[in-house]
Amino acid sequence: MREKIKEQIDLLKAKGAHYVDARWYPREDSNFLFMWNGNLKENNASSQSGMGVRVLYNGAWGFSASSDLTNPNAIFDRAFDNARIAAERVTFPIRLAEKEAITGSFTSPNQVDPFTVGLDQKVAFLQKMDAALNQTGVIQRFGMLEFVRKQIIFLDSEGSEIEKNIIEVFASIHAVGIDKDGGMQRRKYSPGRTGPTRGWESINETDFLANAERIVSELNQVLVAEDAPNGKMSVILLNGIMFLQTHETIGHALELDRILGYELSFAGGSFVRLEDFGKLRYGSEKLTARANALEPNSPGSFGFDDDGVPAQDNLLIDKGILVGAITGRQMVEEANAKAKKQIFEGSSGANRATSFYRVPIERMTNINIDPGTDGSLEDIIANTKYGVVLDGDKSWSIGSNREQFHFACDIGWLVEDGQKKQVVKNPTYRGETLPFYNSLSAVGDESTWNVHYVENCGKGAPNQIMQLGHGVPVCRFDNVQVGE
Amino acid sequence: MSNQVIDLLQRLRQTALNKGLQALITYHEEDSYLMRFANSAISLNTNEHLISLDYIAFDGRKKVSYSMIADPTDFESMEKGLDILAEMLPHAQALSYDPTFPVYAKDVLDERAFDPALAALTNEERLAYFNTLAGSLESDDVKLSGIFSNGTTTTAQISTANEHVQYFRSTDAQVTAVLSSESLKWEVNAEQSAQKKSDLDAEGLHADLALLVKHYQEDEAVQLPVGKYTVVLGPAATAELGNIMTYYGMTGGALMQGYSFLKEEDQGKLLFSEKIHLVDDPREVEIYAQNADRFGLERKPFPLISEGRFQAFMWDQDSADEFGKTPTGHDVSHTSLVMDGGEKSVASLKDLLEMDRDEDILYVPYIHYMNVVNPTQGMVTGSSR
């Protein structure tokens, strides 16, 4: 197949294509198990294979994909025809940032391929979790296991040839109860990075059982708790909500395709302008954020993006100042040309597609906040006059340009005079992105930092779901509107 | 086309029977096209032709499933999928209730929502549509973004119980257009959906956009303080809100799992404005009409709210099996929600602007990023562009 692909790439180049690439998925397997109140509601295996072809012709993209590989030439021809039509309405001819021709490979770190583990063992794990969650106060309990294994062969007209073998493992447990006022409450546990590898060995039963006990205990405290207070106060965000705050208001806001208006008709734009890079005070000096696709063992680390650019670790926000974006080869060229100066030196290697039948777009890698110097969680609480500690991503609504947000959390703890007090329920907070990050007053140290996995980030038209990570510490923000 | 699909399903059924499987086999085919615009150019022109097969095997209370994106010429791989299903089944855990195995009483062939003209729409026609809707509205400062997507969806089902087949084919198109001013930092949207080619109306969309652009360019911008306002929701915003509220509030599964803001005893009670009349009406070909659900139950108009009174919960088969209820034909990918019009004729934004009013109102055409803060209270958040 590789030789056939190379032949077709050469053929389209001879027809006038400026650039051609193909992503061939010989096989992608997934396995999803979902147990609800002891019933194995989903026990699904799936597979897919196919090819997606991208053609750049006269400054415009054409793409085509099919699972029918008996005649791959047809996919290339269709992509070329699509590009020819697209070239009839071009305002800024697409150019691609330079890259070296690369021959390489990437394999996700894992010890035990989860597809070699028997179904009995996976079901037994969920049964144990179900039993652990089946306690007083819990009216609904569920556990999920999801495994993905895919092989991707990338070839382009610049001579790159890359093979990726990726394994993803996602697991979570959830407990739901009804509070004293009749409201639904929940706690969940979804492990972040627990070790250097992510095969079946990362499903740590002891860790899950301990966390099952914790979330049931916390849920029962929420069920009898009073509502969180309303008003302006400090919020101390634990990993379980700080990851989402980072995701929605730093990650998405700094995707260069959004900044350049390529997502306006679906996901939205960004309040960030090209002239902001190097100048905009995004947050306080305590805020340093980076896109680190070299983070060991995370779905946001993939070796090479779908432009064939090697993974990188790049600063996005340096001590509060905006310095970088999440970029692919196309967007950096357009941004530099529109800004009439070189903002970006090259692609940051973040152009990814969810499958062979979707075109790559700018996606988050591991969008991390560097740990700070304000000590442990306990230290931060001890230095807080009045506020709430928040955890759990219950609900979120974000402005289409990421300029404002509203989050609801699963649980809160009141903090008064440096003391962590009682649990409060239904905590929400809202804010505007720049004032919020400029109110960042404390950033936890390494002891508070962990990589949190995201399995379902949606973006793009047609829609794409992507997996990624966020390494975040505990952070405190002051004068935040809580409640409402 | 339907004959090829039905033949394939019959072959797969026979293979499943030969392997001793009691199975439901679903064929799903999408032939879709998408032209995406950004910064007044076509930023992507793409098409996908994907065929997927979903198998579900039953053995008493055990149930497993296998899905594959299939090469339509590779029957061997499709058979292997059934082998995998057979390997999985013994390892499944028995449910605490009896899952219903679908037995189709008759053949169903429903192509009411299929329009050959829309299915055959060309790249040139998609481009011409966008050129018309943009008209003279673009400038160095005002840029066009958007998508034009259309396609054909084919779904067909067979079970090993007998040779009856359910076959559904439909077409649809969705257009979203955004004009944005870089200097004034505004965006205006307009959307159009179509089930058949003759529904497409580029001039109409152009008129909507032109009106919005005129106001955004000529009227003074106002920063509204936080507070309570009278709000008019446009059709798209109303549909979005209705969709999320029915999903969380009016399904039997949500009720039994404690997610619903409604209770069983709420059926028949006046809980909403008497102006609201909401029906799941599968007769409406424009909104995913399908005259039978996945389990072969006939889909009929299903009143949800009548003059403000909540009528009944929708029960999919699995929830009905688990909680001992009667399924209502709601094992479908999409409901077909229809909200009746009221006493005022407001066919366009222009009509709305020209209506008499004694206070300023907020018009919200679309709700972006709606999410559920508290399902048991029916509390949602969202933002408008």
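This structure is a prediction, so every number in the text was calculated from the model and none was measured. (Residues numbered from 1 in each chain as written. Chains lettered and ligands numbered in written order. Predicted model: local features only at pLDDT ≥ 70, side-chain atom pairs only at ≥ 80, totals over all residues.)

Here we look at the overall build of chain B
Here comes step 1: If you tally the helices and strands in chain B, you get 9 helices and 15 strands.
Here comes step 2: Along the longest, intermediate and shortest principal axes, the C-alpha atoms of chain B span 70 × 55 × 35 Å.
Here comes step 3: Sorting the 385 residues of chain B into buried and exposed places 41% on the buried side.
Here comes step 4: In chain B, 70% of the contacts between residues at least 6 apart in sequence involve partners at least 24 apart. (Helix = DSSP H or I, 4+ residues; strand = E, 2+ residues; numbered from the N terminus. Buried ≥ 20, exposed ≤ 12 C-beta atoms within 10 Å, placed from the backbone. Contact = placed C-beta atoms within 7 Å.)

What to know about the nonpolar core
Here comes step 1: Core analysis: the biggest nonpolar cluster contains 210 residues, and V55(A), A83(A), V235(A) and V388(A) have the highest contact counts within it.
Here comes step 2: With 10 residues, the single largest contributor to this core is strand β2 (residues 41-59) of chain B.
Here comes step 3: Excluding residues within four positions of it along the chain, A83(A) makes contact with V55(A), L56(A), Y57(A), A60(A), W61(A), G62(A) and N45(B).
Here comes step 4: Residues M250(B), L262(B), F302(B) and F310(B) belong to the second largest nonpolar core, which totals 15 residues. (Core = buried A, V, L, I, M, F, W, Y, C linked by C-beta atoms within 7 Å.)

Quick word on the sheet that holds strand β10 (residues 289-292) of chain A
Residues and elements named next belong to chain A.
Here comes step 1: Spatially, 4 strands are ordered β12-β11-β10-β15 in an open sheet, and the strand pairing comes out antiparallel. The open sheet is flanked by β12 (321-322) and β15 (367-369), the only strands paired with a single partner.
Here comes step 2: The pairing of β10 with strand β11 (residues 313-318) spans 4 bridges and is classified as antiparallel. Bridge assignment links A291 to a residue of β11, and that residue is N314. (Pairing = 2+ DSSP bridges.)

Some words on the sheet that holds strand β10 (residues 302-306) of chain B
Residues and elements named next belong to chain B.
Here comes step 1: The strand order β11-β10-β9-β12 describes an open sheet built from 4 strands, whose pairing is antiparallel. The open sheet has two free edges, formed respectively by β11 (309-310) and β12 (337-339), since each of these has just one partner strand.
Here comes step 2: Relative to β12, strand β9 (residues 278-280) runs antiparallel, the two being bridged by 3 bridges. The residue of β12 that forms the bridge with L278 is M339.
Here comes step 3: Sheet strands in contact with helix α6 (residues 235-249) are β9, β10 and β12, and its direction is about 125° off that of β12. (Axes fitted to C-alpha atoms, helices over the stretch in contact; angles between N-to-C directions.)

As for the packing of helix α4 (residues 123-134) of chain B against helix α5 (residues 202-218) of chain B
Residues and elements named next belong to chain B.
Here comes step 1: Where α4 meets α5, the axes come as close as 7 Å, and the angle between the chain directions of the two elements is 30°. Relative to α5, the element α4 is oriented roughly parallel. Read as a crossing pair, α4 and α5 show a hand that is right-handed. Between α4, through Y129, T132 and L133, and α5, the contact on the second element is made entirely by A202, E203, L205, H206 and L209.
Here comes step 2: For the contact of α4 with α5, the residue count by class is 5 nonpolar, 2 polar and 1 charged. (Parallel < 35°, antiparallel > 145°, perpendicular 65-115°, else oblique. Left-handed = near helix turned anticlockwise from the far one by under 90°. Nonpolar A, V, L, I, M, F, W, Y, C, P; charged D, E, K, R; others polar.)

Describing helix α1 (residues 2-14) of chain A
All names here are of chain A.
Here comes step 1: The first and last C-alpha atoms of α1 sit 18 Å apart over 13 residues, in line with the 18 Å expected at 1.5 Å per residue.
Here comes step 2: Among the structural elements, β1 (19-36), β2 (39-57), α2 (72-86) and β5 (140-156) are those in contact with the buried residues of α1.
Here comes step 3: Two residues or fewer after α1 comes G16, characterised by a positive phi angle close to 115°. (Expected span 1.5 Å × (residues − 1).)

Points about unusual backbone geometry
Residue and element names in this part refer to chain A.
Here comes step 1: Of note, the amide linkage connecting A461 to P462 takes the cis form, showing an omega dihedral of 0°.
Here comes step 2: Turning to its location among the elements, P462 is positioned in the loop between β21 (450-459) and β22 (464-472).
Here comes step 3: Despite not being glycine, N479 shows a phi value in the positive range, around 60°.

Remarks on the interface of chain B and chain A
Here comes step 1: Contact residues are listed per partner, giving 60 residues for chain B and 62 residues for chain A.
Here comes step 2: Top contributing element to the side of chain B that touches chain A by residue count: β2(B), with 11 residues.
Here comes step 3: Of the residues that constitute the side of chain B that touches chain A, the class distribution is 26 nonpolar, 28 polar and 6 charged.
Here comes step 4: As defined by bridge partners, strand β3 (residues 60-66) of chain A adjoins β2(B) across 5 bridges and the pair is classed as parallel. Among the inter-strand pairings, S64(A) is bridged to a residue of β2(B), identified as N47(B).

With respect to the pairing of strand β14 (residues 368-374) of chain B
All names here are of chain B.
Here comes step 1: As defined by bridge partners, β14 adjoins strand β15 (residues 379-383) across 4 bridges and the pair is classed as antiparallel. By the bridge assignment for β15, H368 is matched with S383.
Here comes step 2: Two successive antiparallel strands, β14 and β15, enclose a turn made up of 4 residues, where G378 displays a positive phi of approximately 65°.

Concerning the domain arrangement of chain B
Residue and element names in this part refer to chain B.
Here comes step 1: In terms of domains, chain B is made up of domain 1 (2-218) and domain 2 (231-383).
Here comes step 2: A straight line from the C-alpha centre of domain 1 to that of domain 2 covers 22 Å.
Here comes step 3: Counting residues at the interface gives 21 residues for domain 1 and 19 residues for domain 2.
Here comes step 4: Taken together, the elements giving at least two residues each to the side of domain 1 that touches domain 2 come down to β4 (108-110), β6 (165-181), β7 (186-194) and α5.
Here comes step 5: Ranked by the residues each element gives to the side of domain 1 that touches domain 2, the list is headed by β6, at 3 residues. (Domains from an automatic or database assignment.)

Quick look at the environment of D68(A)
Here comes step 1: For D68(A), the location among the structural elements is in the loop between β3 and α2.
Here comes step 2: Under the C-beta neighbour-count criterion, D68(A) is labelled partly exposed, with 18 such atoms within 10 Å.
Here comes step 3: For the pair D68(A) and M51(A), spaced 17 residues apart in sequence, the C-alpha to C-alpha distance is 8.4 Å.
Here comes step 4: Residues within four places of D68(A) in sequence aside, it is in contact with D71(B), P72(B) and T73(B).

Re the domain arrangement of chain A
Residue and element names in this part refer to chain A.
Here comes step 1: Partitioning chain A into structural domains gives domain 1 (2-224) and domain 2 (227-482).
Here comes step 2: Look at where the C-alpha atoms of domain 1 and domain 2 centre, and you get two points 21 Å apart.
Here comes step 3: Broken down by secondary-structure element, the contributors of at least two residues to the side of domain 1 that touches domain 2 are β1, β2, β3, β4 (103-107), β5, β6 (161-178), β7 (184-189) and α4 (205-223).
Here comes step 4: Among the elements that line the side of domain 1 that touches domain 2, the one with the most residues is β6, at 5 residues.
Here comes step 5: Per-class residue counts for the side of domain 1 that touches domain 2 are 17 nonpolar, 9 polar and 15 charged.

Brief notes about the packing of helix α3 (residues 119-133) of chain A against α4(A)
Residue and element names in this part refer to chain A.
Here comes step 1: It is at 9 Å that the axes of α3 and α4 come closest, and there the two elements cross at 25°. Classified by the interaxial angle, the pair formed by α3 and α4 is roughly parallel. Here α3 runs over α4; the crossing is right-handed. Along its contact with α3, which presents F125, K128, M129, A132 and L133, the element α4 presents E205, F208, L209, A212 and V216.

Observations regarding the environment of R294(B)
All names here are of chain B.
Here comes step 1: By the element assignment, R294 lies in the loop between β9 and β10.
Here comes step 2: Here R294 falls in the buried class, since 21 other C-beta atoms lie within 10 Å of it.
Here comes step 3: With 39 residues separating them along the chain, R294 and S333 place their C-alpha atoms 9.2 Å apart.
Here comes step 4: Apart from the residues within four sequence positions on either side, R294 is in contact with P102, Q157, D331 and V332.

Some points on the pairing of strand β5 (residues 142-159) of chain B
Residue and element names in this part refer to chain B.
Here comes step 1: Buried residues dominate β5, accounting for 15 of its 18 residues.
Here comes step 2: Bridge count for strand β1 (residues 22-38) against β5 is 14 bridges, and the pairing is antiparallel. Within β5, the position partnered with M35 by the bridge is F148.
Here comes step 3: Both β5 and β6 contribute to a ladder of 17 bridges, which runs antiparallel. Looking at the pairing, S145 lines up with V178 of β6.
Here comes step 4: Taking the residues between adjacent antiparallel strands as the criterion, β5 and β6 are bridged by 5 residues.

Side note on the environment of T171(B)
Residue and element names in this part refer to chain B.
Here comes step 1: Here T171 shows up in strand β6.
Here comes step 2: The exposure class of T171 is buried, given the 23 C-beta atoms found within 10 Å.
Here comes step 3: In the structure, T171 is positioned 103 residues away from E274 in sequence and 35 Å away in space, judged by C-alpha atoms.

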